[in-house]
Amino acid sequence: MKKTIFITGASKGFGKIWAEAFLKRGDKVIATARNLSNLDDLVQQYGENILPLKLDVNDREAVFAAVKAGKDHFGRIDVLINNAGFGLFGAVEETTEQQAREQMETNFFGLLWVTQAIIPVMREQKSGHIIQVSSVLGVVTLPILGLYNASKFAVEGLTESLAPEVAQFGIKVSLVEPNGFSTDWGGASAVQTEANPLYDKVKTDLFGSFPADFYGNPEATTDAVLKLIDAENPPLRLFLGKIAYPFVQQNYESRWAEWNAWKEVSDQAHGL
């Protein structure tokens, strides 16, 4: 059954790759982006099956208007893919107030506004699937990405709470958690703090530790995403890439070891 999919951040990277994959198989796509010219090729090829909408997800009023326009145009919205976002690279101490706020505004609040706008549409339909594009760095962390980590941890907490709230309306919820991929997320789309030489070694050690196959091929994610949106009972969480699972497993084993080592202290703190 063909679907109508609303996807943010569709002008490049995962957003454009996935939007094209949906269109290729006959789905209808409401594709939002700040720069619509990047969608011209898809419009020329797929015509009336794609509705391009200019949107800055930080503008809550514009978000609600875009969702209404998409619903009015195609009659329904079956899937939301909250993909808009960017990476802020730099040590916590290096990060300015403006950079920190902009990271949270787009990655967390922008996602929240689109989620709030889509729920009434899906509730009226008694069906829908909300997919939040998080990151493996919403589950575990790396240094030099502290604000990005924080924004994705916030997305994870919000979405885990959202799922049981909207299940009664027939709405399914999933988190997609990619590891690193060869998109321009870490390049042209990234924001960099002003470097403090005190953190040079941390940065060198981090980026020098990545193996040759650390970054996945973004085109290879399409089958997984198609399977996710077609699943009758989709998972709450789905890793993308082979690096994520062992990275998280090792991290969580370390967490449990530390919690267990301090369990007596924790129990005593209960007081009863």
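Conventions used here
Residues numbered from 1 in each chain as written. Predicted model: local features only at pLDDT ≥ 70, side-chain atom pairs only at ≥ 80, totals over all residues. Heavy atoms only, no water. Helix = DSSP H or I, 4+ residues; strand = E, 2+ residues; numbered from the N terminus. Rg over C-alpha atoms; globule rule 2.2 N^0.38 Å. Buried < 20%, exposed > 50% of the residue type's maximum accessible area, 1.4 Å probe, protein only. Contact = heavy atoms within 4.5 Å. Axes fitted to C-alpha atoms, helices over the stretch in contact; angles between N-to-C directions. Parallel < 35°, antiparallel > 145°, perpendicular 65-115°, else oblique. Left-handed = near helix turned anticlockwise from the far one by under 90°. Nonpolar A, V, L, I, M, F, W, Y, C, P; charged D, E, K, R; others polar. Domains from an automatic or database assignment. Buried area = accessible area lost by both parts, 1.4 Å probe. Pairing = 2+ DSSP bridges. Salt bridge = Lys/Arg side-chain N within 4 Å of Asp/Glu carboxyl O. Phe/Tyr/Trp six-rings, centres within 6.5 Å; stacked < 30°, edge-to-face > 60°. Lys NZ or Arg CZ within 6 Å of the ring centre and 35° of its normal.

Where an unreviewed UniProt entry is consulted, the protein chain appears under the name SDR family NAD(P)-dependent oxidoreductase, with the organism given as Mucilaginibacter corticis.

Asks: I would appreciate a short explanation of the overall build of the protein chain in the present structure.
Replies: The helix and strand inventory of the protein chain stands at nine helices and nine strands. Taken against the 2.2 N^0.38 rule, which gives 19 Å for 272 residues, the C-alpha radius of gyration of the protein chain at 20 Å falls within 12% of a compact globule. Once the C-alpha set of the protein chain is aligned to its principal axes, its extents read approximately 60 × 50 × 35 Å. Expressed as a percentage of its 272 residues, the buried residues of the protein chain come to 46%. Sequence-distant contacts in the protein chain: of pairs separated by 6 or more residues, those separated by 24 or more amount to 71%.

Asks: Would you mind showing me how to read the packing of helix H1 (residues 13–24) against helix H7 (residues 222–230) here?
Replies: How two helices pack is summed up by the angle between their axes together with the distance between the axes. At their nearest, the axes of H1 and H7 sit 10 Å apart, and the two run at 60° to each other. Between H1 and H7, the interaxial angle falls into the category oblique. The two elements H1 and H7 meet at a crossing, and its hand is right-handed. On the side of H1, the interface is formed by Ile17, Trp18, Ala21 and Phe22, while H7 contributes Thr222, Val225, Leu226 and Ile229. Residues that form the contact of H1 with H7 fall into these classes: seven nonpolar, one polar and no charged.

Asks: Is there a simple way to think about the packing of helix H3 (residues 60–74) against helix H4 (residues 97–125) in this case?
Replies: Orientation of H3 relative to H4, taken along the N-to-C sense of each, is 30°, at an axis distance of 8 Å. In terms of their interaxial angle, H3 and H4 are classed as roughly parallel. Seen from above, H3 lies across H4 with right-handed handedness. Within the contact between the two elements, H3 uses Arg60, Val63, Phe64, Val67 and Lys71 and H4 uses Trp113, Val114, Gln116, Ala117, Ile118, Val121 and Glu124. When grouped by side-chain class, the residues that make up the contact of H3 with H4 number eight nonpolar, one polar and three charged.

Asks: What am I meant to see in the domain arrangement of the protein chain here?
Replies: Each assigned domain of the protein chain is listed with its residue range as follows: domain 1 (4–241) and domain 2 (247–271). Measuring from the centre of the C-alpha atoms in domain 1 to the corresponding centre in domain 2 gives 32 Å. The interface is formed by eight residues belonging to domain 1 together with five residues belonging to domain 2. Between domain 1 and domain 2, the buried area comes to about 450 Å², and carbon and sulfur atoms account for 79% of it.

Asks: Any chance you could explain the environment of Phe64 here in plain terms?
Replies: Mapped onto the elements of the fold, Phe64 is located in helix H3. It is 47 Å that separates the C-alpha atoms of Phe64 and Lys263, two residues lying 199 residues apart in sequence. Apart from residues lying up to four places away in sequence, Phe64 is in contact with Trp113, Gln116 and Ala117.

Asks: Sorry if this is basic, but what is going on with the sheet that holds strand S4 (residues 79–82) here?
Replies: Hydrogen bonds along the backbone pair up the strands of a sheet, which may run parallel or antiparallel. The strand order S3-S2-S1-S4-S6-S7-S9 describes an open sheet built from seven strands, whose pairing is parallel. Lying at the two open borders of the sheet, with one neighbouring strand each, are strand S3 (50–54) and strand S9 (237–240). Mean inter-strand twist for the sheet, computed between neighbouring axes without regard to direction, equals 15°. Two strands pair when backbone bridges link them, and strand S1 (residues 4–7) and strand S2 (residues 28–33) are joined in this way by four bridges, in the parallel orientation. Bridging across to S2, Ile7 finds its partner in Ala31. Contacts from helix H5 (residues 146–166) reach strand S6 (128–133), strand S7 (171–178) and S9, with the element oriented near 160° to S7.

Asks: Could you clarify how one ought to interpret the pattern of salt bridges in this entry?
Replies: Proximity of charged atoms lets side chains of opposite charge pair with each other. Applying the stated criterion across every chain, the model contains 14 salt bridges. Among the ionic pairs, Glu156 bridges to Arg237, the shortest N-O distance being 3.1 Å. Separated by 81 residues along the polypeptide, Glu156 in helix H5 and Arg237 in strand S9 bring together distant segments of the chain. Overall, Arg237 belongs to the partly exposed group, its relative accessible area being 36%. Through salt bridges with shared partners, one network takes in Glu156, Glu160, Glu177 and Arg237.

Asks: Looking at this structure, how should I read the packing of aromatic side chains?
Replies: If you walk through the whole model with that rule in mind, you get nine aromatic pairs. An angle of 10° between the planes, with centres 4.8 Å apart, marks the rings of Phe14 and Trp18 as stacked. You can see Phe14 and its partner Trp18 sitting in helix H1, four residues apart, about one turn around the helix. Across the pair, exposure class does not vary: Phe14 and Trp18 are buried alike. Three or more aromatic residues link up through ring pairs in this structure, and these residues are Phe207, Phe210, Phe214 and Tyr215. The ring of Phe169 is capped by Arg123, whose NZ or CZ atom sits 5.6 Å from the centre of that ring. Lying over the aromatic face of Tyr252, Arg255 brings its terminal NZ or CZ to 4.6 Å of the ring centre.

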